[in-house]
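Coordinates in review
The primary structure of each chain is shown beneath.
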Amino acid sequence: MVLRTQIQLALLHNDIEVYSFECDSVFFANPLPKLRAHSGEHDIVFISNYQRPKSINGGFLYLFPTPAAKATFEQLNRMMLKLFSNIRNQPSDKLIPTHENDQVYLSTLVAEKYAGLKSTILPFSIFSDGKWYDISEEDRKLTYPFLIHNNWIKGNIAKEGRAKKWKHWFLKDDGSCDFDWAKEVTKTIIY
């Protein structure tokens, strides 16, 4: 996580917009136009954790290379380096406290509007996390996700199983993409 933060910071310092997402997401539509529409209005755009709406999902961020975003990620980097320094000599089986991670740190910086940071949370109905799979059918019908971050489940096998169950899996047994199925799934999304 330290390395991810440092890469994000390096890109910001080079005036490059950063779209950071985790590979356990399924995309139904191209979110870039919606994300880029926040240029000039926000420094950071993110999805929240469904169960903690004010908590940033660190696995999905869109960052604009503004002075506030750069200052915030410089501070985040310092916080992550301090955490690394504190835990690097601990036994590998010792768990890191849940209040010590990049998401918690970044959520705090966003909440305090560090360096004048302007941010926005994207709506769950369009940018969903893995809790989408657990909400009622009635609530699910009110959503039209561009993507679903397949989190809130542990392990690759479980993630793959859930994606297959919901027909959000596009990989054939031979390792190639099932383009026909991908087209079928994405054509039902209306924007």
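Residues numbered from 1 in each chain as written. Predicted model: local features only at pLDDT ≥ 70, side-chain atom pairs only at ≥ 80, totals over all residues. Heavy atoms only, no water.

Going by the annotation in an unreviewed UniProt entry, the name recorded for the protein chain is Nucleotide-diphospho-sugar transferase domain-containing protein, with Mytilus edulis given as the source organism.

Digging into the UniProt feature "domain: Nucleotide-diphospho-sugar transferase" (unreviewed entry) in the protein chain
The positions UniProt marks with the feature "domain: Nucleotide-diphospho-sugar transferase" (unreviewed entry) are residues 2-160. Measuring from the first to the last C-alpha atom of residues 2-160 gives 27 Å, for a span that is 36% helix and 21% strand. (UniProt positions renumbered as here; feature names shortened; annotations may be inferred. Helix = DSSP H or I, 4+ residues; strand = E, 2+ residues; numbered from the N terminus.)

A short note on the sheet that holds strand β2 (residues 25-27)
Read from one edge of the open sheet, three strands run β2-β7-β6, paired in mixed fashion. What marks the edges here is a single partner per strand, and that holds for β2 and β6 (127-128). Pairing analysis gives three bridges linking β2 to strand β7 (residues 147-149), with the strands arranged antiparallel. Within β7, the position partnered with S25 by the bridge is H149. (Pairing = 2+ DSSP bridges.)

Digging into the pattern of salt bridges
Scanning the entire structure with this criterion turns up eight salt bridges. What you see here is one network of salt bridges that share partners, running through R4, E22 and D102. (Salt bridge = Lys/Arg side-chain N within 4 Å of Asp/Glu carboxyl O.)

A short note on the side chain of K131
As for its placement among the helices and strands, K131 is situated in the loop between β6 and α5 (137-140). Assessed through its relative accessible area of 15%, K131 is described here as buried. The residues touching K131, leaving out its near neighbours within four places in the chain, are Y50, Q51, F124 and W152. (Buried < 20%, exposed > 50% of the residue type's maximum accessible area, 1.4 Å probe, protein only. Contact = heavy atoms within 4.5 Å.)

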